[in-house]
Amino acid sequence: MTHPCLSCGACCATYRVGLHWSEADPAQGGLVPQALTEPLRRHERAMRGTSQANPHCIALDAEIGRYSRCTIHPLRPSACREVSASWEHGEASDQCDRARINHGLPALTPADWIDAGMNELDPPQAA
Ligand code: SF4
Ligand code: SF4
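These lines cover the structure that appears in this document, whether it is placed above or below. (Residues numbered from 1 in each chain as written. Chains lettered and ligands numbered in written order. Predicted model: local features only at pLDDT ≥ 70, side-chain atom pairs only at ≥ 80, totals over all residues. Heavy atoms only, no water.)

Every residue close to ligand 1 is listed here: C5, C8, G9, A10, C11, A85, C96, R100 and L108. Partitioning the shell around ligand 1 into residue classes produces 7 nonpolar, 1 polar and 1 charged. (Near = heavy atom within 4 Å. Nonpolar A, V, L, I, M, F, W, Y, C, P; charged D, E, K, R; others polar.)

Written as structure tokens, this is what we have:
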């Protein structure tokens with residue numbers, strides 16, 4: 001079985017994803033492709049597609065609940081890196097649970113990780 005995020009993608013299609021402008025400025029060492037972002041508040045940008053009524057990040061290649069891939073995974077904003085899948089590291093994640101429920105998916109349980117044969121020593125490569 002595969003990592004649960006690879007058949008989900010709900011968080012990338014639920015929340016507005018904000019980032020400090022410097023994360024999308026190569027001159028500051030930022031890695032996020034600036035063209036995939038748009039201005040948000042002062043000092044902030046947002047991933048395109050995530051500020052709309054039905055968010056869907058421009059970098060997301062997914063059919064929510066079936067397959068999911070972040071097309072800029074190694075370059076994704078810090079906000080994305082900070083979201084853990086529920087029980088990936090031994091505790092529930094409110095952001096993960098709410099996103100999945102928003103898309104009609106059940107919240108993950110510890111059993112999902114046992115079934116996937118994964119634990120925190122076996123980190124995900126995509127979400
Ligand atoms: S963190 Fe949770 S909501 Fe986001 S892709 Fe993974 S399982 Fe889905
Ligand atoms: S992980 Fe990738 S697809 Fe998901 S919100 Fe972040 S940049 Fe977008």
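With that settled, the discussion passes to the environment of A79. In this structure, A79 sits in helix 1 (residues 78–81). Once residues lying within four places of it in the same chain are set aside, the contact partners of A79 are V17 and G18. (Helix = DSSP H or I, 4+ residues; strand = E, 2+ residues; numbered from the N terminus. Contact = heavy atoms within 4.5 Å.)

Moving on to the site of ligand 2. The full set of residues close to ligand 2 is C12, V17, M47, C57, A59, L60, C70, I72, R76, P77 and C80. Tallied by class, residues from the shell around ligand 2 come to 10 nonpolar, no polar and 1 charged.

Core analysis: the biggest nonpolar cluster contains 13 residues, and L19, V32, M47, C57, A59, L60 and I72 have the highest contact counts within it. L19 has contacts with A24, V32, T37, H43, E44, R45, A46, M47 and P77, leaving out every residue within four places of it along the chain. (Core = buried A, V, L, I, M, F, W, Y, C linked by side-chain atoms within 4.5 Å. Buried < 20%, exposed > 50% of the residue type's maximum accessible area, 1.4 Å probe, protein only.)

Moving on, we come to the sheet that holds strand 1 (residues 18–20). What the 3 strands build is an open sheet, ordered 1-3-2; its pairing is antiparallel. In this open sheet, the two edge strands, each paired with only one partner strand, are strand 1 and strand 2 (37–39). Across this sheet, the average inter-strand angle for adjacent strands is 40 degrees, counted without regard to direction. Pairing geometry for strand 1 and strand 3 (residues 44–47), over 3 bridges, is antiparallel. Residue L19 lies in a different strand from strand 3, and its bridge partner there is R45. (Pairing = 2+ DSSP bridges. Axes fitted to C-alpha atoms, helices over the stretch in contact; angles between N-to-C directions.)

This part is about helix 2 (residues 94–102). Three or more residues of helix 2 are buried, namely C96, D97, A99 and R100. The arc that holds every buried residue of helix 2, seen down its axis, measures 165 degrees, which confines them to one face. For helix 2, exposure combined with an orientation more than 90 degrees from the buried face picks out D94 and I101. Of the residues trailing helix 2, G104 is marked for its positive phi of about 75 degrees. (Arc of directions from axis to C-beta.)

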